[in-house]
Amino acid sequence: MDDLNCIRCGLCLAVCPTYREILSETASPRGRAALARKGLEGELELSPNLFEQMYACFDCLACNDICPVGIRPADLAVEMRAVQEQLRPAAWKKTLFGGLIPKPRRMEFATLPLRLYEKLGLRRLVYALGLRNLLPRQLRDMESMLPHLPQRPLRQALPEITEANGKTRYRVGFFLGCAQSLLFAEESAATLRVLARNGCTVVTPKATVCCGMPALGYGRSDLAQEQARHNIELFERAQVEVNVTDCATCGSTLKDYGHLLADDNKWAARAAAFSSRVRDVSEFLMSIPLEKPQGRVEARVTYHDPCHLRRGQGVWQQPRALLQMIDGLEFVELPEADWCCGSAGSQLITHYETSLKVLKRKTDNLASTQADYIASGCPGCQMQLNLGVRRQGLDVQVVHPIALLDRAYRQESEVSRLRRNQEISHSTAKRKNDG
Amino acid sequence: MDKNILAQLEKITGKDGVLSTPEDLAVYSYDGTFAEHRPDAVVLPRTTGQVSQIVRLAARERIPVVTRGMGSGLAAASVPFQGGIALTMTRMNRILEIDEANAAAHVEAGVVTADLQAAVEKLGLFYPPDPASIRHSTIGGNIACNAGGPRCLKYGVTGDYVLGLTVVLADGRILHTGGKCIKDVVGYDLKALFTGSEGTLGVITEALLRLTARPEFARTALVEFPSVEDASQTVNTILRAGVVPAALELMDETAIACIEAAMHLGLPLDVEAILLIETDGSDEAAVLREMEAVAEICRARGARQVKVAADETERASLWRARRSLSPSLARKAPNKLGEDITVPRSAIAETVRRLKAISAKRGLPIVIYGHAGDGNLHPTLLFDKRDPGQWAKVEQMAAEEFALALELGGTLSGEHGVGTLKRPYMAQALGPVSIEIQKRIKAALDPLNILNPGKVFPD
């Protein structure tokens, strides 16, 4: 690793969400880089505690961005997790990231109890009886993160091909992320409607597996590589011009396949070609002549930058521009919009206290905007923001930016239907009068 | 560290206030330099009372106490070379009061300087000192090293804003000195004594800081000079013309190239130097007029172009670039040694000329940049420490830089401090009388020599 020549200037401390809450060097990017170097150079034992510090990183990439030397401390922390796997692999990771997460069917099965819970109205019952207080605090928080679950995962409900409304101008592949399919199905359905509305015939390969981020995050790049090869092949077969996703995390991982498989002679070129075609949905929509919706969304809306969209993909202007296309929508910038929300995959589970502190900073900023909606195109961020809104008792709805655009389009057909109805009733009345 | 002592420390701060795993000790072994030594324990207090108890315990047990903030220092002043306690002030980060009527802020030592600035600027007030580490250094550290920054040319250094201090003395007693009065001549000026004392005389836990009115307008110009000699001459001409810019920064061609590589701002790569000049104030017309006067002088003295930042974003990015300059030099070579010499401003041009001569003679690059307006330059040596030949040269060249500054009536450090790195040159800079008096002050305040031992003074 030549990423080790940290000069210890400390610039990264200013932007690190974990450092700014814990306020100890051990929880800072500079500290993690020092531990990585000392560990790899034999000055320190590669102890469980040393690796634990690598897992304490939220991988928000802010340090990568600010480092004037070009070291990537966040990447280094993730690479160190892989080093740990090589030293002492953990069997449960193979099961989870190799066996469960990449198999959509099994994931759907695993989340079945959650869907039943939703379907049977238990959620309401639990609320009504105040039973939530019986759950340990953390479980209760995790419960309140969940969106209203779809009764059927979107992957099962979606057609393989969604035809464009009118003439096909683009043939688009849609990468349906696991969280989007299982938890935010309605939002991905909205993505498809918006794409179709704008002349895209969308192919959704149903056999896609997890993008690989969870495996990478837990040090199993070998499993992520398998998943990448599988997905690349599927999209090659779909023969599409671009690979669109509406999940910030999937997007940043898919765009990195070229790098992930760079050392694989057979796959390097294919992976690079695949990655070069990946676009976040807002990035893609703003690159085509997007139809301005005629419908209105009367609301004050702010926007939170998912780390893996803004820093991971350099996409931050597009979602804002997209929201500002909607009539009636009053856009207000969120202070520290690109500061991590504390979700960071599974940090709420693994680093509960820190995750909540980071979240508090976000929701304090959110409260200052007095927005009705906070938009963010990342399922992880959305769940975390849902929790934050509830914990702070804010009257704010968390949405995907595309969902608001979709609403404006649908309003439009509502408007024209009303208008048509009006015309019909008008002409009926006229006919009556005539009669 | 002894388990029993760790337990006593935990009793004072709570369990989460004491860190002692090998990993914790390893990351508290450094500051912003290449120097390293592990402490025996890291303690993160939350109140002045806790600090007092910690120091009392340390005094009883004869344990060194090395105070630190965010560890961005450039003189190895907070590296615990004798082990002991790394007393880390970062969790004492409350702004206790912003007194608008008296234009004063009462803060704990661990407040990040940029956070304080943001808080007072919301109220139309201003805390001017702006070290490049503004977002990753603390008020306590700024005071302990009497930090400077570009704006000091017009507004003065950190010490000029210290109205009062709360200090834990070496025996654990708590000293309050100064107050909200602007004028105060009762007794010795102890706050001035602790300012710049680098943790050797006491532990600064709280500060009362003077604020001023926030200047409403600012203009920043990037001035390109084909000749570095012309650029450094221009600095004096501007200052003698009766204009006091808020900042007047010089960067030579290597510095420009490094910033450009890191930030892609479209800086000119075919000039020997640029001056970054800011004028500010509450009267927009006056600010513009001053900038126009500065631009005219620059053009007359050989500037190729004067580009005034079009808007606040452009202006902010120029200053962000300037602040990231020092670390971005690390792209050029495996190691760097940034000095902090200061000369009377009439000697700026000669200093630049002779630094170039030292570089040419020894054959190692010296990047020259700094706060030219107040004569504070950061000649930075680029080298590879693994090459013993280069390392020997670096030591010679650093000595020559110091000798040069002293010869021209200047001194070793303008804003970084002495720490460990400049100790060998102290006697030369101050002379025996001053050194002897200062050592007696140290002995009077810290007779057991537990506060940051081995720093600042030669043995």
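Definitions and cut-offs
- Residues numbered from 1 in each chain as written.
- Chains lettered and ligands numbered in written order.
- Predicted model: local features only at pLDDT ≥ 70, side-chain atom pairs only at ≥ 80, totals over all residues.
- Helix = DSSP H or I, 4+ residues; strand = E, 2+ residues; numbered from the N terminus.
- Buried ≥ 20, exposed ≤ 12 C-beta atoms within 10 Å, placed from the backbone.
- Contact = placed C-beta atoms within 7 Å.
- Rg over C-alpha atoms; globule rule 2.2 N^0.38 Å.
- Pairing = 2+ DSSP bridges.
- Axes fitted to C-alpha atoms, helices over the stretch in contact; angles between N-to-C directions.
- Expected span 1.5 Å × (residues − 1).
- Domains from an automatic or database assignment.
- Core = buried A, V, L, I, M, F, W, Y, C linked by C-beta atoms within 7 Å.
- Parallel < 35°, antiparallel > 145°, perpendicular 65-115°, else oblique.
- Left-handed = near helix turned anticlockwise from the far one by under 90°.
- Nonpolar A, V, L, I, M, F, W, Y, C, P; charged D, E, K, R; others polar.
- pLDDT = per-residue confidence, 0-100.
- Bend = angle between axes of the 7 residues up to and from the residue.

Before going further, it helps to examine the overall build of chain A. Helix and strand counts for chain A come out as 25 helices and 9 strands. By the burial criterion, 49% of the 435 residues in chain A qualify as buried. Intrachain contacts of chain A at a sequence separation of at least 6 include 78% that bridge at least 24 residues.

A tally of helices and strands in chain B yields 15 helices and 20 strands. For chain B, the C-alpha radius of gyration of 22 Å lies close to 23 Å, the compact-globule estimate for 459 residues. A total of 459 residues make up chain B; the buried ones form 52% of that total. Pairs at least 24 apart in sequence give 72% of the contacts found in chain B among residues at least 6 apart.

Residue and element names in this part refer to chain B. Read from one edge of the open sheet, 5 strands run β5-β6-β10-β8-β9, paired in antiparallel fashion. The sheet is open, and its two borders are formed by β5 (95–99) and β9 (174–178), each paired with just one other strand. Pairwise comparison of adjacent strand axes, ignoring direction, gives a mean angle of 10° for this sheet. Where β5 lies against strand β6 (residues 104–108), 4 bridges are found, and the strand directions are antiparallel. Bridge assignment links Ile95 to a residue of β6, and that residue is Val107.

Moving on: the interface of chain B and chain A. Taken together, the contact between chain B and chain A spans 28 residues of the former and 23 residues of the latter. If you list the elements that add at least two residues to the side of chain B that touches chain A, you get α2 (22–27) and α12 (325–328) of chain B.

Each regular strand displays side chains that alternate between the two surfaces of the sheet. Residue and element names in this part refer to chain B. For β6, a buried count of 4 out of 5 residues is recorded, marking the element as mostly surrounded by other parts of the structure. Connecting β5 to the antiparallel partner β6 that follows it, the hairpin turn spans 4 residues, and Ala103 within it adopts a positive phi of roughly 45°. For β6 and strand β10 (residues 203–210), the ladder comprises 5 bridges, and the chain directions are antiparallel. Residue His106 lies in a different strand from β10, and its bridge partner there is Leu208.

On to helix α13 (residues 185–197) of chain A, then. All names here are of chain A. Here α13 spans 18 Å end to end across 13 residues, near enough to the 18 Å set by a 1.5 Å rise per residue. Residues of α13 that are buried include every one of Ala185, Glu187, Ser188, Ala190, Thr191, Leu192, Val194, Leu195 and Arg197, and no others. Gly199 occupies a position one or two residues after α13 and carries a positive phi of about 80°.

Take the domain arrangement of chain B next. Each domain of chain B was delimited in the assignment, giving domain 1 (3–88), domain 2 (95–213), domain 3 (217–327) and domain 4 (333–407). The centre of domain 1 of chain B, based on its C-alpha atoms, is set 42 Å off from the matching centre of domain 3 of chain B.

The biggest cluster of nonpolar side chains holds 246 residues, and the ones touching the most others in it are A:Leu404, B:Ile85, B:Ala207, B:Leu209 and B:Ile274. If we ignore the near neighbours within four places in the chain, the residues touching B:Ala207 are B:Val107, B:Ala109, B:Ile139, B:Ile143, B:Val162 and B:Leu165.

Glancing now at the sheet that holds strand β2 (residues 41–43) of chain B. Residue and element names in this part refer to chain B. Reading across from one edge, β1-β2-β4-β3 is the order of the 4 strands in this open sheet, with mixed pairing throughout. Strands at the two margins of the open sheet, each flanked by one partner only, are β1 (18–19) and β3 (65–68). Lying on the sheet, helix α3 (residues 48–61) is in contact with β2, β3 and β4 (85–88); it crosses β4 at an angle near 165°.

With that settled, consider the pairing of strand β13 (residues 247–252) of chain B. Residue and element names in this part refer to chain B. β13 sits mainly inside the fold: 6 of its 6 residues count as buried. Across the two faces of β13 the burial is the same, with Ala247, Glu249 and Met251 and Leu248, Leu250 and Asp252 all buried. Pairing between β13 and strand β14 (residues 273–281): 6 bridges, direction antiparallel. Along β14, the bridge assignment pairs Leu250 with Leu275.

It is worth spelling out the packing of helix α3 (residues 48–55) of chain A against helix α5 (residues 73–87) of chain A at this point. Residue and element names in this part refer to chain A. Remark: α3 packs on α5, axes separated minimally by 8 Å, with the N-to-C direction vectors making an angle of 140°. Of the possible angle classes, the one that applies to α3 and α5 is oblique. In the packing of α3 onto α5, the handedness of the crossing is left-handed. Across from Phe51, Met54 and Tyr55 in α3, the residues of α5 making contact are Ala77, Met80, Arg81 and Gln84. Its residues placed into classes, the contact of α3 with α5 shows 5 nonpolar, 1 polar and 1 charged.

Attention now goes to the packing of helix α1 (residues 3–13) of chain B against α3(B). Residues and elements named next belong to chain B. The geometry of α1 relative to α3 is characterised by a closest axis approach of 9 Å and an angle of 165° between their N-to-C directions. One way to sum up the angle between α1 and α3 is to call them roughly antiparallel. α1 and α3 meet at a crossing whose hand is right-handed. For the pair formed by α1 and α3, the contact residues are Ile5, Gln8, Leu9, Ile12 and Thr13 on the first element and Gln50, Gln53, Ile54, Leu57 and Glu61 on the second. Here the residues of the contact of α1 with α3 sort into 5 nonpolar, 4 polar and 1 charged.

Although it is not a glycine, A:Arg8 adopts a positive phi angle of roughly 65°. Looking at the secondary structure, you find A:Arg8 in the segment before α1 (17–22). The phi dihedral of B:Val456 is positive, around 70°, even though this residue is not glycine. Counting through the fold element by element, B:Val456 comes out in the segment after α15 (426–445).

On average, chain B scores 95 in pLDDT, and the residues at 70 or more come to 100%. Scored as a whole, the predicted complex attains pTM 0.90, and scored at its interfaces, ipTM 0.94.

With respect to the helices and strands, B:Gln53 occurs in helix α3. Residues B:Gln53 and B:Gly14, spaced 39 residues apart in sequence, show a C-alpha to C-alpha distance of 13 Å.

Residues and elements named next belong to chain B. Relative to the helices and strands, Gly454 resides in the segment after α15. Given 16 C-beta atoms within 10 Å, Gly454 falls into the partly exposed group. Considered as a pair, Gly454 and Leu288 are 166 residues apart in the sequence and their alpha carbons are 50 Å apart. With residues near it in sequence (within four places) discarded, Gly454 still touches Phe81 and Gln82.

This part takes up α15(B). For α15(B), spanning 20 residues, the distance from its first C-alpha to its last is only 20 Å, which falls clearly below the expected 28 Å at 1.5 Å a residue. Taking the largest bend as the criterion, α15(B) deviates by roughly 85°, centred on B:Pro432.

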